[in-house]
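# Working through the structure, step by step
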Amino acid sequence: MTRSEDVFRRSKDFFPGGVNSPVRYFRPNPVVMESGHGSRIVDVDGNEYIDYCLGYGPLILGHSHPSVTEAISDQVQRTVLLGTPSQKEVNLAEKIREAIPSMEKMRFVNSGTEATMHALRLARAFTGRSKIVKMEGCFHGSHDYVLIKSGSGTLTHGIPSSPGIPEAVAETVAVARFNDIESVKEIFDREAEGIAAVITEPVMANVGLIPPDPGFLRELRKITSDHGSLLIFDEVVTGFRFHYGSYSGMAGITPDITTLGKIPGGGMPIGVYGGREEIMDNISPAGGIYQAGTFSGNPVTMSAGLAALSELKKLDYSILARRTASLSTGIKESMEENGIEVAVNSMISMMQFFPGIRNARSYGEVVSADASLYFRIFSDLLGHGVYLAPSQFETNFLSFSHSDSDISETLKSLRKVIPVAKDADRGKRK
Ligand SMILES: Cc1ncc(COP(=O)(O)O)c(C=O)c1O
């Protein structure tokens, strides 16, 4: 038994399924990791992997970036928690607003889940309406309002809507289809006056990766504005992912509320929601909508976030785009050389491949991909020192620490793995 197997055996005794978040589980057991540096992570047995999961996205600078590590340890010497206003909160908010001007005012929370939960409560209170429209396959965290036809682990583990969500809550959510504006119009035609907000990821990142079709987000903006509903872009994954700012900024579309998480926390727990001052000033104590958090805006997260954003501001995202493109092209070529049809979607620092399908532009298309072949490739790559996202319905991330040689090493391993994985997958289906 490896040390990893041993630790996981003990984990199962304490945690449901042995994990503290379901996306971390995979058959037969997840690898227990111990440390990370740059593009690499190391497991408890000392094996090293090129990491394309990157903690599910926050680590765009790679593991243990020196500036972030130094900022955290410096803050830890001073205190880890104040429970009062602090200068670093203001400094981080300033950086965020400079990069995303539509976040005129904001609140720091501790996770993306909290950010979307509070953004939705705010939208409901602000509009005096209760209905939320979300997109099938978009994941906005694991609270009741949004855990309906969700993505990420819910899709991996086949849980369309979690038991335990009261029917009364589920009835306040209508589900439309991403990249299908007619499905949104149908809901608005039926019940526009009750719709508080449309929430969507501007780029779907929890069913693999699906970019928006031209015009889809712009149409969403128009429909919501026309009917007095708010538009919420959940940029927990996409914020600071493609450039120093939001996806909405790149697309030239201004949502009413933006939610952030992951990257601006520099690897420490964070969520942020923000938008027009007129909306945000309804939150307590400026207004009556209650939201609070012991650890919100804590100085360790603020320090890590400040260091991460300072670094990111200096960096050229086109380097990431070039490496992601060469990884994507290499994967496509290797799969096709082995007679496997594959769709590969990539955007600057994100990438996912979908064996068995030609196009991955919609939820309907990606759920018909050969997820078991993807998983087989993922599993076999572990033995070659590559750690991809463990599910077809997650996204692979690249960091500024990934080098050209990381990419070529990955592709070399992939070429070895694909024929074996393909045969094993076929054998299993017979
Ligand atoms: C788009 C999106 N929103 C919200 C969340 C929830 O964030 P957290 O895991 O920090 O609660 C996630 C998590 O991956 C996400 O991808």
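Use the structure listed above.
Residues numbered from 1 in each chain as written. Predicted model: local features only at pLDDT ≥ 70, side-chain atom pairs only at ≥ 80, totals over all residues. Heavy atoms only, no water.

Moving on, we get to the overall build of the protein. A tally of helices and strands in the protein yields 15 helices and 14 strands. In terms of overall dimensions, the protein is globule-like: its C-alpha atoms have a radius of gyration of 21 Å, near the 22 Å expected for 430 residues. By its C-alpha atoms, the protein is 60 × 55 × 45 Å across when sized along the principal axes. Counting over 430 residues, the protein shows a buried share of 56%. Carbon together with sulfur atoms contributes 51% to the accessible area of the protein, which is approximately 17900 Å² in total. (Helix = DSSP H or I, 4+ residues; strand = E, 2+ residues; numbered from the N terminus. Rg over C-alpha atoms; globule rule 2.2 N^0.38 Å. Buried < 20%, exposed > 50% of the residue type's maximum accessible area, 1.4 Å probe, protein only. Areas by Shrake-Rupley, 256 points an atom, 1.4 Å probe, with all protein chains shown as cover.)

Moving on to helix α2 (residues 66-78). An α-helical turn contains 3.6 residues, so any two residues separated by three or four positions project in the same direction. Compared with the 18 Å implied by 1.5 Å per residue over 13 residues, the 19 Å span of α2 between its first and last C-alpha is a close match. All of the buried residues along α2 are V68, A71 and Q75. One side of α2 holds all its buried residues, which, seen down the axis, span an arc of 65°. When the buried face of α2 is taken as reference, the exposed residues oriented beyond 90 degrees from it are P66, E70 and Q77. Against α3 (87-99) and α11 (299-314) lie the buried residues of α2. (Expected span 1.5 Å × (residues − 1). Arc of directions from axis to C-beta. Contact = heavy atoms within 4.5 Å.)

Following the sequence through the fold, H227 ends up in the loop between α8 (216-226) and β8 (230-234). Using a relative accessible area of 33% as the deciding quantity, one classes H227 as partly exposed. Sequence separation between H227 and A286 is 59 residues; the distance between their C-alpha atoms is 27 Å.

Next up on the list: the layout of surface pockets. By volume, the second largest pocket amounts to about 840 Å³. Forming the boundary of the second largest pocket are 32 residues, of which E89, A93, M106, R107 and F108 lie nearest the centre. When contributions to the lining of the second largest pocket are tallied by element, the ones reaching two or more residues are α3, β4 (105-109) and α10 (277-280). Element by element, the count of residues in the lining of the second largest pocket is highest for α3, at 5 residues. When the residues that make up the lining of the second largest pocket are grouped by side-chain class, the tally is 14 nonpolar, 10 polar and 8 charged. (1 Å grid on protein atoms, 1.4 Å probe; cavity = no way out; pocket = protein on both sides within 12 Å on 5 of 7 lines; lining within 4 Å. Points joined across faces, edges and corners; volume = space filled by probe spheres on them. Nonpolar A, V, L, I, M, F, W, Y, C, P; charged D, E, K, R; others polar.)

This part takes up the pattern of salt bridges. A full pass over the atoms with the stated rule returns 24 salt bridges. Across the pair D281 and K105 runs a salt bridge whose closest N-O atoms are separated by 3.1 Å. Pair noted here: D281 is in the loop between α10 and α11 and K105 is in strand β4, with a separation of 176 residues, a long-range link. Owing to a relative accessible area of 28%, D281 belongs among the partly exposed residues under this scheme. In this structure K105 comes out as partly exposed when scored by relative accessible area, which is 32%. In this structure, R376 and D380 form a salt bridge, with 3.3 Å as the shortest nitrogen-oxygen distance. With a gap of 4 residues between them, R376 and D380 both fall in helix α14 (residues 371-382), about one helical turn apart. Exposure remark for R376: the relative accessible area of 31% places this residue in the partly exposed category. According to the relative accessible area criterion, D380 is buried, its value standing at 17%. Each of R40, E48, D406 and E409 takes part in a single network of salt bridges with overlapping partners. (Salt bridge = Lys/Arg side-chain N within 4 Å of Asp/Glu carboxyl O.)

Moving on to the pairing of strand β7 (residues 195-200). Most of β7 is tucked away: 6 of the 6 residues are buried. Two elements, strand β5 (residues 131-135) and β7, share 4 bridges in a ladder whose sense is parallel. Bridge assignment links I132 to a residue of β7, and that residue is A197. Bridge count for β7 against β8 is 4 bridges, and the pairing is parallel. Across the sheet, the residue bridging to A197 is L230, located in β8. The parallel pair β7 and β8 is bridged by α8, and the resulting crossover is right-handed. (Pairing = 2+ DSSP bridges. Right-handed = clockwise from strand over helix to strand, strands pointing away.)

Take unusual backbone geometry next. A cis amide bond links R27 to the next residue, P28, at an omega of -15°. For the bond from S284 to P285, the omega torsion is 5°, close enough to zero to count as cis. Relative to the helices and strands, P285 resides in the loop between α10 and α11. The phi dihedral of Y56 is positive, around 65°, even though this residue is not glycine.

Keep in mind these values describe shape, not function.
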